[in-house]
Amino acid sequence: MSMRVGVLGIGKTPHKIQHEKSLKDLGVEAGRKAMADAGVDPSEIQMLYVGNVGSVGFNYENSTALMAAHHLGVVPAGAVRVEAACGTGAWALHLGCVAIASGLYDTVMVLGMEKMNDLATVEGTSIIAQAADSKEEYFSGLTFPSGTALTARKYMQAYGVSEEDLAHTSVKNHFYGARNPSAHLRFECTVEEVMNSPKVADPLKLYEVCPMTDAASALVLCREEILRAQPNRPQVYVTATSMASGTWYQASDTLDDAYNLFHRPATRAYEMAGVTAKDIDVAEIYNSFAIQEPLGIEGLGFAKMGQGWKGAKDGSTWLDGKIAVNPSGGLLCKGHPLGATGATQAVDIVEQLRGTAPEGMQRADAEIGISACRGGPGSVGAIHIYQRLEG
Amino acid sequence: MATLTSYGAYVPQYRAPLGEIQKFYGRPGRPRSRALATPSIDEDTLTMAFEASRDALKGERGVGAVITATQAPPFGLRKLSATLSRALRLDDGAVHIDLGANANGLLDAFRIAATLDVGPTLVVATDHLVAYRDRVADVLSAGAATAFLVDPGKSGFATLGPQARAADEVFDVWLLGREQEPRFRLEVLFDSYGKVTARAAKALAAITKRETGRYTSICPSQPHPQVLRSLGKLGARPEQIEGTSFVGDIGNVGAASVGLALCLGLDASRKGSSLLALAYGGGEAVAQEITVTAKPKGIGARGMIDGGEPIALGTYYRWTEGRQQQPH
Amino acid sequence: MTVSAIEFTRLGAPKLHLFAMKCGKCKELSPWWERSHCYKCGHDTLTEFELAGKGEITNYTVVYYPPREFLGQEPYVVGHIRMDEGVTLPAPVMGVAPDAVEVGTRVAATLRRMKLGHEGDIYYSYKFVVDDDPAPKKTAPARRAAAKTPAAKTPAAKQPAARKPAAKKPAPRKPAARKK
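What you are looking at is a predicted structure, and each value in this text was computed from that prediction instead of being measured.

### Concerning the overall build of chain B
Reasoning step 1: A count of helical and extended segments in chain B gives twelve helices and 14 strands.
Reasoning step 2: Its C-alpha atoms give chain B a radius of gyration of 18 Å, within 12% of the compact-globule value 20 Å for 328 residues.
Reasoning step 3: If you line up chain B on its principal axes, its C-alpha atoms span 55 × 45 × 40 Å.
Reasoning step 4: Buried positions account for 54% of the 328 residues belonging to chain B.
Reasoning step 5: A separation of at least 24 residues holds for 79% of the contacts in chain B among residues at least 6 apart in sequence.

Set out below in structure tokens:
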């Protein structure tokens, strides 16, 4: 089936450590920005999908969708919280798209939010680890960084790739992160600096790992006719949404599984949108750890298995390359506010298609974008395709 | 008569710098140990017991009883012997006995094992004494485990001979109720150690008709000078103790002490060797004769003692601090 | 993470033993957590299968930032251990410096404290240490697992296969029924 879900408005908070703001403050800020951008009143929102992963652990609060609904003033619209590990924000977006595409609702809001820095890193690490089987597999002292480090070594072993080869991905992300005013980490770095940054989980080093970030991002979605009726607004539509699941265990997650986690839903998404991988101008690919970017590039069909790391080195995934991958700086620079991330990716792609991305990040004449979000050890694959479709 | 059919030992890999500990706390004098064998942060008396037992069992699972002796069980209200048995996948119907033991606990366990009519008995002495900060220099807190397979019926490589005991009412090392820090007076400890041990050795000689000086080797829990002097009066010679001493190398391993000395003695023994096991704890001394009937296959206990990897002072305290307040 | 006494019982005890789960149909060995269905063929009856405790490091990482329960142990090595029986398990490898770990090293299981829980509760489990025996011991495992292990599966014969990179030849692990 084909799908046209209008993106009426977008909004995001800065992505950084924000001790002065609560989870509630972040959600309200992003939600209000999106509604202001959409030119809608809270009473026009008919359903609120909130992506939020760890409020019970990070903030000692629960039922955060109800909290957001009250404070955004969208009552009596229905509000529900979505959780699918790091794929949470993308899942909220999926439900928003489904709600519009089904014809049941005219206008809905998707809000991803996470407040991670109320706790020390060691506590946060333990909470994040609960997105895997923390009582069985991670019983052995694994964490998300170290679990992914195992994937990185597997990749290096299988394709004969060195740590230096992989370091180029961080260099590229940090080049753009430095230009992103709402990014958490804003500095450029060299391959040497990546290699010399402290080890977090061998072979992953600090510059290959995302920080813990406080942020929220929101989108107001609407039926195609509503956006068409406002031709002076940027005509950006979500034209495909496709979700998949994979293994919940690092030990059983092969490189083929990692490939299929994106390959399968991406194949469906391309079909749904009627485009191919070659048509994509700009992509936001989940990279809480640098290794996940080449895996994503391969899964989305931009490179063959084992070749995805090359683009950052030869320039083909830079802003003016064959395809711009993570011109926002990716999660490595924006940080990874778990529940917000998928929504932030969407907001960033919409900015690209609107032509309003910050200076130094804008892909020229971007018309078709894709966002790929993953979650768990190898568990969530979430693909969305966005298109600028004038008239 | 009960026999030993197998034995094993575990000495942790890490060596704490006793000299540095003494210097740090301004304690004068030469350290009484070269270093302290220190279990790593993820080891305790159960895990060490597991290692020693596995070596002793060599895959054997037909064990009728498990007796553990330790002053430092990792948990209370739960039996170390039964947990060890489960970890080793032994018969859960086996007799499980826990001894809250000081150094003579191993010989107590031998005595019990000899009377049990349940087939082979796994006797394990395991300990990790932890003392507060500067007291480490006195207590020489170290850890190790030893395990012996005792078979009342089968003829093993050594026979567990008679035991003799002697006791004094002393307050050398003691605790009141739930006190965390043991009170001790080293001079009282060593004085009593020497006197009572000699009385036990003498009593044993009366039973076995073998003079103390005529054993191939003597395996004492601690070869303290006071003990050696007292035993010397009974005719003991330094060369009987040379091969079985280890406290000067790795420290005091509590309930595992006699076991480790026995392992050293057995490793060096041959058919016809006679060993005198001597343990002292809390005012009581136990002496036991062990006769080697066939040269045992050694386990390389001296190598375990001589090996090891030094750790820093800070690492030692990071691994041991707090173990006294918490369950070990 | 707060752990209740009930949960502690549920999680703690089984980890004193080193076992895999064996599929009643396709005989595939899976890690201990696969209790609901076989990840390879989908069959729903699996039984505990005791492992002899020896294997080889096929992949590893070094954890520098541990979860709270592991504080004090860092940096520590966690490896993927391919057991001689064929199953791969994640487990810490002790006594090896972080910069000296090597894929292909033979390791043997031993009992250690895995972590300390919220209330000082001790979790025991298997960790691995470098196995000094070049070839796996024949006596102990053979006798121990005689009832269950097929004798033909000698670890020596399996070693080269374990080292082969898997990626060249994709071997989809998912049953056809799951592809939709």
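### Quick notes on the interface of chain C and chain B
Reasoning step 1: The interface of chain C with chain B comprises 16 residues on the first partner and 19 residues on the second.
Reasoning step 2: Breaking the side of chain C that touches chain B down by element, the ones donating at least two residues are β7 (106-116), β8 (122-130) and α2 (139-144) of chain C.
Reasoning step 3: Per-class residue counts for the side of chain C that touches chain B are five nonpolar, seven polar and four charged.

### Here's the deal with helix α4 (residues 88-101) of chain A
Since the α-helix advances by 3.6 residues per turn, residues separated by three or four positions end up pointing in the same direction.
Residues and elements named next belong to chain A.
Reasoning step 1: For α4, spanning 14 residues, the distance from its first C-alpha to its last is 20 Å, which sits close to the expected 20 Å at 1.5 Å a residue.
Reasoning step 2: Counting buried positions over the 14 residues of α4 gives eleven, a clear majority of the element.
Reasoning step 3: Turning to α4, its buried residues are Thr-88, Gly-89, Ala-90, Trp-91, Ala-92, Leu-93, His-94, Gly-96, Cys-97, Ala-99 and Ile-100.
Reasoning step 4: Of the residues trailing α4, Gly-103 is marked for its positive phi of about 90 degrees.

### A short note on unusual backbone geometry
A negative phi angle characterises most non-glycine residues, just as the trans form characterises most peptide bonds.
Residue and element names in this part refer to chain A.
Reasoning step 1: Residue Pro-76 is bonded to the preceding Val-75 through a cis peptide linkage, with omega at 15 degrees.
Reasoning step 2: Here Pro-76 shows up in the loop between α3 (64-72) and β3 (78-82).
Reasoning step 3: In this structure, Pro-203 follows Asp-202 across a cis peptide bond, with omega equal to 5 degrees.
Reasoning step 4: Summarising the element assignment, Pro-203 is placed in the loop between β5 (199-202) and β6 (204-205).

### Section: the interface of chain C and chain A
Reasoning step 1: Contact residues are listed per partner, giving 34 residues for chain C and 35 residues for chain A.
Reasoning step 2: Contributions of two or more residues to the side of chain C that touches chain A are made by β4 (54-63), β5 (76-83), β6 (88-94) and β7 of chain C.
Reasoning step 3: Among the elements that take part in the side of chain C that touches chain A, β6 of chain C stands out by supplying five residues, more than any other.
Reasoning step 4: Split into classes, the residues belonging to the side of chain C that touches chain A amount to 26 nonpolar, five polar and three charged.
Reasoning step 5: The sheet contact formed by β5 of chain A and β4 of chain C spans two bridges and is antiparallel. Its bridge partner lying in β4 of chain C, Ala-201 of chain A is registered against Val-63 of chain C.

### Some points on the packing of helix α6 (residues 186-208) of chain B against helix α7 (residues 225-233) of chain B
All names here are of chain B.
Reasoning step 1: At a minimum axis distance of 8 Å, the contact between α6 and α7 shows a crossing angle of 30 degrees. Here α7 runs roughly parallel to α6, going by the angle between their axes. As for the relative orientation of α6 and α7, their crossing is right-handed in sense. Here α6 contributes Phe-190, Asp-191, Tyr-193, Gly-194, Lys-195, Thr-197, Ala-198 and Ala-201 to the contact with α7, which in turn contributes Gln-226, Val-227, Arg-229, Ser-230, Leu-231 and Lys-233.

### With respect to the confidence of the model for chain B
Reasoning step 1: Per-residue pLDDT for chain B has a mean of 91; in total, 98% of the residues score no lower than 70.
Reasoning step 2: Here the prediction assigns the complex a pTM of 0.86, and the interface score ipTM is 0.89.

### Here's the deal with the nonpolar core
Soluble, globular proteins show a tendency: their nonpolar side chains are buried together.
Reasoning step 1: In this structure, Leu-48 and Leu-219 of chain A are the most contacted members of the largest nonpolar core, which totals 271 residues.
Reasoning step 2: Apart from the residues within four sequence positions on either side, Leu-219 of chain A is in contact with Val-7, Gly-9, Ile-10, Ala-34, Leu-93, Val-110, Ala-343, Ala-346 and Val-347 of chain A.

### Brief notes about the sheet that holds strand β3 (residues 46-50) of chain C
Residue and element names in this part refer to chain C.
Reasoning step 1: Within the open sheet, the three strands sit side by side as β2-β1-β3. Their pairing is antiparallel. With one partner strand each, in any of the chains shown, β2 (29-30) and β3 form the two edges of the open sheet.
Reasoning step 2: As judged from the five bridges shared by strand β1 (residues 19-23) and β3, these two strands associate in the antiparallel manner. The partner of Phe-19 across the bridge, within β3, is Glu-50.

### What to know about the domain arrangement of chain B
Residue and element names in this part refer to chain B.
Reasoning step 1: Under the domain assignment used here, chain B contains domain 1 (3-156 + 316-320) and domain 2 (158-292).
Reasoning step 2: Distance from the C-alpha centre of domain 1 to the C-alpha centre of domain 2: 17 Å.
Reasoning step 3: Across the contact, 40 residues belong to domain 1 and 31 residues belong to domain 2.
Reasoning step 4: Breaking the side of domain 1 that touches domain 2 down by element, the ones donating at least two residues are β1 (3-10), β3 (36-38), β4 (65-70), α4 (105-115), β6 (121-128), α5 (136-139) and β7 (143-151).
Reasoning step 5: Considered class by class, the residues forming the side of domain 1 that touches domain 2 number 23 nonpolar, twelve polar and five charged.

### Structural notes on the arrangement of the chains
Reasoning step 1: Contacts are most numerous between chains A and C, considering all two pairs of chains that are in contact.
Reasoning step 2: Nothing in chain A touches chain B, and the closest approach of their C-alpha atoms is 12 Å.

### A closer look at the environment of Gly-19 of chain B
Residues and elements named next belong to chain B.
Reasoning step 1: Note on placement: Gly-19 falls in helix α1 (residues 18-24).
Reasoning step 2: C-beta crowding within 10 Å serves as the criterion here: with 16 such atoms nearby, Gly-19 is assigned to the partly exposed category.
Reasoning step 3: Once the C-alpha coordinates of Gly-19 and Asp-138 are considered, the two residues, 119 residues apart in sequence, prove to be 12 Å apart.

### Re the packing of helix α1 (residues 23-38) of chain A against α3 of chain A
All names here are of chain A.
Reasoning step 1: Their axes nearest at 10 Å, the elements α1 and α3 cross at an angle of 55 degrees. Classified by the angle between their axes, α1 and α3 sit oblique to one another. Taken as a pair, α1 and α3 cross one another with a handedness that is right-handed. Contacts from Leu-23, Lys-24, Gly-27, Val-28 and Gly-31 of α1 reach α3 at Thr-64, Met-67, Ala-68, His-71 and Leu-72.
Reasoning step 2: Classifying every residue of the contact of α1 with α3 by side-chain character gives five nonpolar, four polar and one charged.

### A closer look at the domain arrangement of chain A
Residue and element names in this part refer to chain A.
Reasoning step 1: Domain boundaries in chain A define domain 1 (5-119 + 212-230) and domain 2 (131-209 + 238-388).
Reasoning step 2: Between the C-alpha centres of domain 1 and domain 2 there is a distance of 23 Å.
Reasoning step 3: The partner domain 2 presents 30 residues to the 37 residues of domain 1 that form the contact.
Reasoning step 4: Residues of the side of domain 1 that touches domain 2, tallied by class, amount to 22 nonpolar, eleven polar and four charged.

### Some thoughts on the sheet that holds β3 of chain B
Residues and elements named next belong to chain B.
Reasoning step 1: The sheet built from three strands is open, its strands ordered β3-β2-β14 with mixed pairing. Lying at the two open borders of the sheet, with one neighbouring strand each, are β3 and β14 (309-310).
Reasoning step 2: For strand β2 (residues 14-16) and β14, the ladder comprises two bridges, and the chain directions are parallel. Of the residues in β14, the one forming a bridge with Tyr-14 is Glu-309.

Rules of the game
The residue numbering used here restarts from 1 in each chain and proceeds along that chain's sequence as written. Here chains are named by letter from A upward and ligands by number from 1 upward, in the order in which they appear as written. Where totals are concerned, whole chains, interfaces and linings use all residues; where local detail is concerned, this predicted model gives features only for residues with pLDDT of at least 70, and gives and counts side-chain atom pairs only at 80 or more. The way it works is that DSSP assigns letters per residue, a run of H or I at least four long becomes a helix, a run of E at least two long becomes a strand, and they are numbered from the N terminus. This radius of gyration counts C-alpha atoms alone. The globule rule is 2.2 Å times how many residues there are, raised to the power 0.38. With C-beta atoms placed from the backbone, a residue is labelled by how many other C-beta atoms lie within 10 Å of its own: buried for 20 or more, exposed for 12 or fewer, partly exposed between the two. Two residues qualify as being in contact provided that their C-beta atoms, derived from the backbone, are within 7 Å of each other. The classification used treats Ala, Val, Leu, Ile, Met, Phe, Trp, Tyr, Cys and Pro as nonpolar, Asp, Glu, Lys and Arg as charged, and all other residues, Gly among them, as polar. Expected helix span is given by 1.5 Å per residue-to-residue step, counting one fewer step than there are residues. In this analysis, strands are considered paired if DSSP registers two or more bridges between them. Inter-axis angles, ranging from 0 to 180 degrees, are taken between N-to-C directions of lines fitted to C-alpha atoms, where helices are fitted over the stretch in contact. Any angle that is under 35 degrees is reported as roughly parallel, and any over 145 degrees as roughly antiparallel; angles of 65 to 115 degrees are reported as roughly perpendicular and all others as oblique. Crossing handedness: left-handed means the near helix sits turned counterclockwise from the far one by under a right angle, and right-handed means the same turn made clockwise. A score between 0 and 100, pLDDT records how confident the predictor is in each residue. Working definition: the nonpolar core is a set of buried Ala, Val, Leu, Ile, Met, Phe, Trp, Tyr and Cys residues, joined through C-beta atoms within 7 Å. An automatic or database domain assignment supplies the start and end points of every domain.

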